[in-house]
Amino acid sequence: MWFDSWPEVLRVLLVGSASYITLVLVLRASGKRTLSQLNAFDFIVTVALGSTLATILLSSDVAWVEGLAALALLAALQFLVAWISARWPGGRSFVTAKPVALVCDGELQHDQLRRNRLSASEVRQAVRSTGSGDLSDVAAVVLETNGTLSVIPTSKYGSGSALEGVFNRPERHEE
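Visitor: Would you mind going over the packing of aromatic side chains with me for this structure?
Guide: Any aromatic ring pair is given by two values, namely how distant the centres are and how the planes are angled relative to each other. Under the criterion given, the structure shown has 2 aromatic pairs. With centroids separated by 5.1 Å and ring planes inclined at 65°, the aromatic side chains of phenylalanine 3 and tryptophan 6 adopt a geometry described as edge-to-face. Classification of phenylalanine 3 by relative accessible area gives partly exposed; the value is 46%. Aromatic pair tryptophan 83 and tryptophan 88: ring centres 5.6 Å apart, planes at 80°, arrangement edge-to-face. A relative accessible area of 47% means that tryptophan 88 is categorised as partly exposed.

This is how it looks when you write it as structure tokens:
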């Protein structure tokens, strides 16, 4: 349990070093999007890459070339899905959730909170974290595709063009 053999330790060091270098090269070749975590799919790919690296490192049943193939496959599939979602709106909606407004013109959208399994207190916390103490100072709070909450104060709403594509967004905002 504490120690099996020196050859196993040496295998972890050699295969681990080669796998690490391979992962860095695969990530550089696949682009920044692979680790960006823009949405749930990107997050899943990031976790899968880490899990694959751990398996390559610790399982003597997995040859380095098999690990290389697995890492390359994950990066290639992520690239393909990102390419498809960037070119076809239907592909994007299949992979990513649509951002949704949880607050519109200072009013909590309780139906959207329920639908997205969030509480009013979580939204209020996001508003407070921006330094605002009053929901009426908030034009919108948007649940983004990556799960973060974006708070848009009334003073920064402008034309609202950044809210294009947000479900349930405020249609017009009066100053």
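Visitor: In this structure, what is going on with the nonpolar core? I would like to understand it.
Guide: A general trend in soluble globular proteins is that nonpolar side chains are found buried together. Leu108, Val123 and Val141 are the most contacted members of the largest nonpolar core, which totals 14 residues. Residue assignment for this core shows that the elements contributing at least two residues are strand 1 (100-104), helix 6 (120-129) and strand 3 (138-143). In terms of residue count, the dominant contributor to this core is helix 6 (4 residues). If sequence neighbours within four positions are ignored, valine 141 has contacts with Val100, Ala101, Leu102, Val103, Val123, Val127, Leu149, Ser150 and Val151. One finds Ala101, Cys104, Tyr157 and Leu163 within the second-largest nonpolar core, a separate group that totals 9 residues.

Each value, and the rule that gives it
Residues numbered from 1 in each chain as written. Predicted model: local features only at pLDDT ≥ 70, side-chain atom pairs only at ≥ 80, totals over all residues. Heavy atoms only, no water. Phe/Tyr/Trp six-rings, centres within 6.5 Å; stacked < 30°, edge-to-face > 60°. Buried < 20%, exposed > 50% of the residue type's maximum accessible area, 1.4 Å probe, protein only. Core = buried A, V, L, I, M, F, W, Y, C linked by side-chain atoms within 4.5 Å. Helix = DSSP H or I, 4+ residues; strand = E, 2+ residues; numbered from the N terminus. Contact = heavy atoms within 4.5 Å.

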